[in-house]
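Notes for the structure review
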Amino acid sequence: MPEDVPVPTEYPPAIGRTARRALALAGYTRWEQLTHVRRSDLLAIHGVGPKAVRLLAEELAAQGRAFADDRPAAGH
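This text gives an overview of the structure that appears in the document. (Residues numbered from 1 in each chain as written. Predicted model: local features only at pLDDT ≥ 70, side-chain atom pairs only at ≥ 80, totals over all residues. Heavy atoms only, no water.)

Topic: helix H4 (residues 50-62)
We apply this condition: Secondary structure elements follow DSSP: runs of H or I no shorter than four residues count as helices, runs of E no shorter than two count as strands, and numbering proceeds from the N terminus. One fewer than the residue count of a helix, multiplied by 1.5 Å, yields its expected span. Only protein chains enter the area calculation, which uses a 1.4 Å probe; residues under 20% of their type maximum are buried, those over 50% are exposed, and those in between are partly exposed. Whether two residues are in contact is decided by their heavy atoms: any pair within 4.5 Å suffices.
Relative to the 18 Å expected for 13 residues at 1.5 Å per residue, H4 spans 18 Å between its end C-alpha atoms, a close match to the ideal helical length. Among the residues making up H4, those that are buried are Ala 52, Val 53, Leu 55, Leu 56, Ala 57 and Leu 60. Looking at the buried side of H4, the elements it contacts are helix H1 (17-25), helix H2 (31-34) and helix H3 (39-43). Where H4 ends, the next residue or the one after it, Gly 64, has phi of about 80°, a positive value.

Overview of the environment of Leu 34
Mapping Leu 34 onto the fold places it in helix H2. Judged by its relative accessible area of 0%, Leu 34 is buried. When the C-alpha positions of Leu 34 and Ala 68 are compared, they lie 7.7 Å apart, and in sequence the two are 34 residues distant. Setting aside its immediate chain neighbours within four residues, Leu 34 contacts Tyr 11, Tyr 28, Leu 42, Leu 56, Leu 60, Ala 66, Phe 67 and Ala 68.

Considering the environment of Ala 26
Mapping Ala 26 onto the fold places it in the loop between H1 and H2. Separated by 20 residues in sequence, Ala 26 and His 46 have C-alpha atoms that sit 9.8 Å apart.

See below:
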């Protein structure tokens with residue numbers, strides 16, 4: 001996919017085109033998908049940095065959601 005072609009995701013432009021593209025290529029295009037992944041898994045994707053993960057975490061929190069490693073363990 002050429003770099004200048006927009007990648008359809010639910011994520012805001014603020015995280016950056018490179019991060020949105022990298023997430024989409026890794027199979028993450030919707031907010032719900034991010035609730036099943038850990039921050040470290042996203043940071044391991046080339047092109048996804050700490051700023052993008054922080055912005056995604058903030059938006060997930062605003063939606064009442066969180067990354068898998070940010071949620072309390074069941075039964076606690």
